[in-house]
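Breakdown of the fold
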Amino acid sequence: MRRFASLSLITAFLAIAMSACVPGPSEGPYLGDNWARPADKMVMVYVPAGKFEMGSTDGDPDEQPVHTVTLDGFWVDQTEVTNAHFAAFLNARGNQEEGSVAWLDLQDDDCLIEQAGGEFRPKSGYADHPVVEVSWYGAVAYCEWVGSRLPTEAEWEYAARGTEGRIYPWGNSFDCARGNSREGRPCVDGYEKAAPVGSFPAGASWCDALDMAGNVWEWVADWYGDYSSGRQMSPSGPSSGEYRVQRGGSFHFVPYSARGANRNIHRPGYTDYNGGFRCVRSSE
């Protein structure tokens, strides 16, 4: 007599087989993955969880002490936020004021966004250049608008340097074909100031983030303060302060300032022709 497996056994077998083919919650994302953020179509690249040595013994005193930091995985904008991105944000939210300053200093001649007929738009030829003359408040507001946030100092430095602790995203010596810095101006193909985002693909960091050495300074979330000497898990900096931190150097500064460990500080209402930002998003 032919015997048939019971329906319950067949169901159990199929469930086991299907579970072997469907990715589980612990699988991915991985280093090398990218994702287009729906709100603004910005490409984000994945930075896997890991541990690195934050700071430098060869830089400025405020880069010390070097300390071990452990971070969860997160997504980071592949490039700096552009004038086209920020103009769309202003058209949706207006150029509001926080801390007695506007999100964007439209009155400065170096601002690359203009308002005409009630609409904000990039100045001609600058749509794909990084937004500048933006305050820390404006950077925070934009990141929140697109469902993201500013990176912490630790996240920014980890995305730029990786576990190898590179001085620059690509290695330990500056290369003007990989980053836009004042001493590298002859390699910038005619750009007097900031270059369009992504102009230096050879300067990508280990997680494929671009423009993390030079081009424009980038606001991060933290208040400025001294580093702790102990091990830290996902540090977010002091709870209060007078200055916010910028990272990455700019076209106006020498390569020393473009080192991944270097820290620059300004009051959150400060705006400048060589200051911009990028956003991050937690991986949960």
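Rules behind the numbers
- Residues numbered from 1 in each chain as written.
- Predicted model: local features only at pLDDT ≥ 70, side-chain atom pairs only at ≥ 80, totals over all residues.
- Heavy atoms only, no water.
- Buried < 20%, exposed > 50% of the residue type's maximum accessible area, 1.4 Å probe, protein only.
- Helix = DSSP H or I, 4+ residues; strand = E, 2+ residues; numbered from the N terminus.
- Contact = heavy atoms within 4.5 Å.
- pLDDT = per-residue confidence, 0-100.
- Core = buried A, V, L, I, M, F, W, Y, C linked by side-chain atoms within 4.5 Å.

**Section: helix H3 (residues 136-145)**
In terms of burial, H3 is largely enclosed, as eight of its 10 residues are buried. Looking only at H3, the buried set comprises Trp136, Tyr137, Gly138, Ala139, Val140, Ala141, Tyr142 and Cys143. On its buried face, H3 sits against helix H2 (83-93), strand E6 (97-98), strand E7 (101-102), strand E10 (217-223), strand E12 (244-247) and strand E14 (275-277). A positive backbone phi angle near 75° is found at Gly147, which sits one or two residues after H3.

**Focus on the confidence of the model for the protein**
Across the protein, the average pLDDT comes to 90, with 88% of residues at or above 70. Counted against residues more than four places away or in other chains, residues 1-26, with its pLDDT under 50, gives one contact.

**Section: the nonpolar core**
Within the largest apolar cluster, 26 residues are counted, with the highest numbers of intra-cluster contacts made by Phe86, Leu104, Ile113 and Phe277. Those elements that provide at least two residues to this core are H2 and H3. Of all the elements, H3 adds the most residues to this core, at seven residues. Apart from residues no more than four positions distant in its own chain, Ile113 is found in contact with Asn83, Phe86, Ala87, Leu90, Leu104, Leu106, Phe120, Arg121, Pro122, Lys123 and Val131. Grouped together as the second largest cluster of nonpolar side chains are 20 residues, Val76, Met212, Val245 and Val280 included.

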